[in-house]
Amino acid sequence: MAMYQHYPFHKIILRRAAVVAIGLLALPVMLFRQDRARFYSYLHRIWSKTSTKPVWMAQSEGIGSDFY
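Residues numbered from 1 in each chain as written. Predicted model: local features only at pLDDT ≥ 70, side-chain atom pairs only at ≥ 80, totals over all residues. Heavy atoms only, no water.

### Brief notes about the environment of His44
Here is step 1 of the chain: Along the chain, His44 turns up in helix α2 (residues 36-48).
Here is step 2 of the chain: The exposure class assigned to His44 is partly exposed, which follows from its relative accessible area of 46%.
Here is step 3 of the chain: Residues His44 and Val19, 25 residues apart in the sequence, show an inter-C-alpha distance of 8.1 Å. (Helix = DSSP H or I, 4+ residues; strand = E, 2+ residues; numbered from the N terminus. Buried < 20%, exposed > 50% of the residue type's maximum accessible area, 1.4 Å probe, protein only.)

Printed below as a string of structure tokens:
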């Protein structure tokens, strides 16, 4: 039994389509806000999530060998 479950392909596609739609709809407003980097960082985290594993853990496991 795996500790983390991968999302089905259709769920990943729906999440990414929602991120694109939200990002485009929010663009005119976010251009004038000071916290736009935080907002788009959050959207990137949603885009990158493909399983129940936290994004930071998946990314840190993926680059671990680059430093050794």
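### Here's the deal with the confidence of the model for the protein
Here is step 1 of the chain: When pLDDT is averaged along the protein, the result is 86, and 90% of the positions lie at 70 or above.
Here is step 2 of the chain: Across the protein, the secondary-structure element scoring lowest on mean pLDDT is helix α3 (residues 55-63), at 77, and the one scoring highest is helix α1 (residues 9-30), at 94. (pLDDT = per-residue confidence, 0-100.)

### Overview of the packing of α1 against α2
Here is step 1 of the chain: Closest axis-to-axis distance for the α1/α2 pair is 9 Å, and the angle between their directions is 170 degrees. Classified by the interaxial angle, the pair formed by α1 and α2 is roughly antiparallel. Of α2, the residues touching α1 (which contributes Arg15, Arg16, Val19, Val20, Ile22, Gly23, Ala26, Leu27 and Met30) are Arg36, Phe39, Tyr40, Leu43, Ile46 and Trp47. (Axes fitted to C-alpha atoms, helices over the stretch in contact; angles between N-to-C directions. Parallel < 35°, antiparallel > 145°, perpendicular 65-115°, else oblique. Contact = heavy atoms within 4.5 Å.)

### Let's talk about the environment of Ile22
Here is step 1 of the chain: Within the secondary structure, Ile22 is located in helix α1.
Here is step 2 of the chain: C-alpha separation for the pair Ile22 and Tyr40, spaced 18 residues apart in sequence, amounts to 10.0 Å.
Here is step 3 of the chain: Discounting residues that sit within four places of it in the chain, Ile22 has contacts with Phe39 and Leu43.

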